[in-house]
Amino acid sequence: MGDFSERFNALSPKKQELLRLLRAEKAKAAAPGPTIPRRPPGDSAPLSFAQERLWFLDQLQPGSAFYNEPVAVRLTGALDVAALHQSLNAIVRRHETLRTTFAPPESVDGSPRQVIAPSLKIELPVLDLRGLPLAEREAEAERLGAAEVARPFDLTAGPLLRAVLLRLADDDHIALLTFHHIIFDGWSAGVLVQELATFYAAFATGNQSAPPELPIQYADYAVWQRDWMEGETLDRQLDYWRRQLQDAPPTLDLPTDYQRPALQSFRGARETLKLSPALSESLKALSQREDATLFMTLLAAFNVLLYRYSGQADLCVGTRIAGRSQVATERLIGFFLNALVLRADLSGNPSFRELLGHVRETALGAYAHQELPFEKLVQELRPERSLSHQPLFQVMFVLQNAPMPPLELPDLTLRPLKFGGGTAKLDLDFAMIEEADRLSGLLEYNTDIFSAATIRRMLDHFQVLLAAIVADPDQCIDLLPLLTDAERHTLLVEWNATAADYPGDRCIHELFQEQARRTPDAVAIICRDQRLTFAELDRLTSQVAHRLQALGVGPETPVGVLIERSHKTVVALLGILKAGGCYVPLDPAYPPSHLAFVLADTRLPVLIAEERLRGLVQLEDLDHQLVVLPVDDSWSAVASEPTHLPITTITPDNIFYIMYTSGSTGQPKGVVVAQRQLLNRFAWMWRAYPFAPGEVMCQRTTVNFTVSIWELLGPMLRGVPTVVIPDEVVKDARAFVEALAEARVTRIVLVPSLLQMILDSGLDLARLLARLTLWSVCGEALSLELVRRFRELLPHAVLLNQYGASEMNDTAVFDTRLQPVDQPFVPLGRPIPNLQIYLLDHQLQPVPIGVPGALHVGSVSLARGYLNRPDLTAEKFIPHPFSGLNGNPPGSRLYNTGDLARYHADGTLEYLGRRDHQVKIRGVRVELGEIEAV
């Protein structure tokens, strides 16, 4: 007693307080527990709570090998096979649980029961591998071991253990032992190997000494557990766990690589980790300084990793405990293993030191209430059950002591081996292991939802995180680094090395003028029975420009355009550019309130409007003067104006348009875009998908969306005619297809819903649209089903998945011809030249590959911002956090798109929806927000 007092007084006050708490709670929880009595001889026994859960799982998936537990022992030296065989059967005689099978509930009182055979002899077949070449024997041993683990057991018929001996050489053997988990756990493996060594030494030398008799058997424990875990004991345990897990999240939604199957298959694999001796010692030293165990420190770090991957600040992780609090159970073989749920709160961006304090308190409380079987907890809490994952937690973390050292026997050395694998009962099961000079790790993962590359990166991130923690435990958890130097370079530099030349020194109207001189007689625009050649379009737009200048339009003067989509829209747009102004589209389909807001917000001095649409705007309600330039089919209002190009002083840095969003999520906002910010997109289009002779472009998008610019000006500046298809035709799938076929259209941009309508038309699309070989979709999320239907019906065509927004004027594009058939998503694509993509967390740090991040865009094409909204501009167009990389000069900006995405290991980008929507990656539920049309 004196020794304990001295050690206790030497502890820090905080550790003394924690030790008192732990002892008091442990004593209070365990006080009612009596000594485990022996049951009457010959009585059958109920299943323990843990056994009952495995029995029910076996009923759900009979004949599976998911809960097989392998034990392998390497035997080096002169092996006495007969003595080994005798030793195994002596252990079977000693432990009733190894002779146990399970009777179904219909046979005894409506509940499954343990049936213990009075005797059982286990065979030990010997498989001789000496006939194989030496280099092949180990691989064959691995194969045989995997085959043994994959063989299922019959819980009713038994036996529930198997043994086989592999002879690799005269002095080299491997004993493969396989048990069903319902009678065996990890602690049991240590008992087994120790007893195997003891019995073998006795039988090999003729000494018949045996270990002392066991005070109880596993069935006695099962009876006692059922009787003890009720009444006040049960209530006390449950009260704690109900409080601890109240409103806990049912799942930890980690980003996964594959869709979670509805029925868990338990397929798994393993990856390993080794920490340096220096880092291992630093973690132990940190634990001592913080009055925490090494397990608590490592768990806190693992919680940070899970939080940074999932974004969940409230999460539950399981841990295993031996479940052998009674001394009489320590030397038993059986299934005692219990699981504790350790809930962590990482909200508020605490320092790691603060988080460790919370984890320590949680762990101590859990240890003091560890007697409640996990199965009983699930039964009482009644969480929502699913066959796709385990309830309460799906991730496990444990700290194991160093593996058992080799056992030296007369003429023989026993060395436990690790073999097996190929199964996973949880999403992640992470074991850190204390070895002689360092910490190592073994991460078992569910291969149905994770790839090996993802798990390897996760372990690398954990190692980076641990190094940062020991370097500065006062660092806030949101700022602790995860990325390796190589991954950071890939994300920030390699995948954003997109610099390329583009014609940024020319105005758009100048490019049009040059094309008109090259092909004056070629048709530029077709709308119903109207055809305008480049020469005619050049003359007419110059006349419009002169009239606008006479009305006071100059550099960056906003000019409204209220015209039904037609060839007249093109005339108005180019006329405004030639005058030096910037155009402001007003969609006649929008409500009058929207149009009134745009007029007031821009204070338009001039409006180009069709006579029949003038009534949509109430000029008398405006508080500024607005002149209307009327439009008819002949443009008679400008017929007397000069036809030559007017003089302007604009440059590519002057405003090209102010385009307003719909305002569906709030007040409409006007996006201000300069000419230079469009030229990069044009250059990419012409370079990546050059126009061939005879091509025809389709124009079907309202000018209120940026994509209309690419439809109209993209082909026009390359001498390609554009066919404007009226809205009433577009709305009729059959009429639309016939119009495309008649016009011999070769390219089209449309939303996925319109593509769906075309594919559902029932027409022979491959014949009718044989010339239409380039299809681009944007504005909505593109589904895999739609891609597959497109491939089936239009195998000759290319489908581009485009992503963008008015604010960025660029597009991430993916050619679906490159998409693997089994890929579970439609890629968002890669950035085009001079476009950079950054996926960032809320601290504006890059997220790891595979982890969702807020999609930010850097580009030469970013809009200036929002008209009259400096606050919103500052919020969405942020200072570039990585200026200096890839030639980004000081003062560069990033556009925060408000979308979530993640990178895959090959650099492919996956769109996950709006940031303010709930996203469950590869889960059952994915809520996607709309993407603004490019």
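Let me begin by describing the structure that accompanies this report. (Residues numbered from 1 in each chain as written. Predicted model: local features only at pLDDT ≥ 70, side-chain atom pairs only at ≥ 80, totals over all residues. Heavy atoms only, no water.)

1. Some details on the overall build of the protein chain
Stage number 1. When helices and strands are counted, the protein chain shows 26 helices and 36 strands.
Stage number 2. Considering only C-alpha atoms, the protein chain reaches an extent of 120 × 65 × 55 Å along its principal axes.
Stage number 3. Looking at the protein chain as a whole, 57% of its 934 residues qualify as buried.
Stage number 4. Once local pairs closer than 6 in sequence are excluded, the contacts in the protein chain between residues at least 24 apart make up 74%.
Stage number 5. Accessible area of the protein chain: about 38100 Å², with a carbon and sulfur share of 52%. (Helix = DSSP H or I, 4+ residues; strand = E, 2+ residues; numbered from the N terminus. Buried < 20%, exposed > 50% of the residue type's maximum accessible area, 1.4 Å probe, protein only. Contact = heavy atoms within 4.5 Å. Areas by Shrake-Rupley, 256 points an atom, 1.4 Å probe, with all protein chains shown as cover.)

2. Digging into the sheet that holds strand β4 (residues 113-116)
Stage number 1. One open sheet holds the three strands; their spatial order is β1-β4-β3, and the pairing between them is antiparallel. The strands lining the two open edges of the sheet, one partner per strand, are β1 (45-46) and β3 (100-103).
Stage number 2. Here two bridges tie β1 to β4, and the two strands are oriented antiparallel to one another. Bridging from a neighbouring strand, A45 pairs with Q114 of β4. (Pairing = 2+ DSSP bridges.)

3. Let's talk about the environment of L912
Stage number 1. Secondary-structure assignment places L912 in strand β36 (residues 909-914).
Stage number 2. The class for L912 is buried, based on a relative accessible area of 4%.
Stage number 3. Sequence separation of L912 and D841 is 71 residues, and the distance between their C-alpha atoms is 14 Å.

4. Quick notes on the packing of aromatic side chains
Stage number 1. One pass over the full model with this rule turns up 32 aromatic pairs.
Stage number 2. Measuring from centroid to centroid gives 5.7 Å for F397 and F430, while their planes differ by 75°, and the two rings are edge-to-face. Of the two residues, F397 sits in strand β11 (residues 395-400) while F430 sits in strand β14 (residues 428-434), which places them 33 residues apart along the sequence.
Stage number 3. In this structure an aromatic cluster arises from ring pairing among Y218, Y221, W224, W228 and F336.
Stage number 4. Stacked on the ring of F49, the Lys or Arg R226 has its end atom at 4.2 Å from the ring centre. (Phe/Tyr/Trp six-rings, centres within 6.5 Å; stacked < 30°, edge-to-face > 60°. Lys NZ or Arg CZ within 6 Å of the ring centre and 35° of its normal.)

5. Concerning the packing of helix α16 (residues 534-550) against helix α17 (residues 567-579)
Stage number 1. Where α16 contacts α17, the axes come no closer than 7 Å and their chain directions differ by 55°. In terms of orientation, α16 and α17 fall into the oblique class. Crossing hand, α16 versus α17: right-handed. Mapping the contact onto sequence places L537, D538, L540, T541, S542, V544, A545, L548 and Q549 in α16 and V570, V571, L574, G575, I576, K578 and A579 in α17.
Stage number 2. Within the contact of α16 with α17, the residues separate by chemical class into ten nonpolar, four polar and two charged. (Axes fitted to C-alpha atoms, helices over the stretch in contact; angles between N-to-C directions. Parallel < 35°, antiparallel > 145°, perpendicular 65-115°, else oblique. Left-handed = near helix turned anticlockwise from the far one by under 90°. Nonpolar A, V, L, I, M, F, W, Y, C, P; charged D, E, K, R; others polar.)

6. Some words on the pairing of strand β10 (residues 338-345)
Stage number 1. Across the eight residues that make up β10, a large majority, seven, are buried.
Stage number 2. In terms of strand pairing, strand β9 (residues 314-321) meets β10 through eight bridges, oriented antiparallel. Bridging from a neighbouring strand, T319 pairs with L340 of β10.

7. What to know about the packing of helix α8 (residues 231-244) against helix α12 (residues 374-381)
Stage number 1. Orientation of α8 relative to α12, taken along the N-to-C sense of each, is 70°, at an axis distance of 11 Å. On the basis of the axis angle, α8 is roughly perpendicular to α12. Contact residues: α8 offers L234, L238, W241 and R242, while α12 offers K376, L377, E380 and L381.
Stage number 2. Split into classes, the residues belonging to the contact of α8 with α12 amount to five nonpolar, no polar and three charged.

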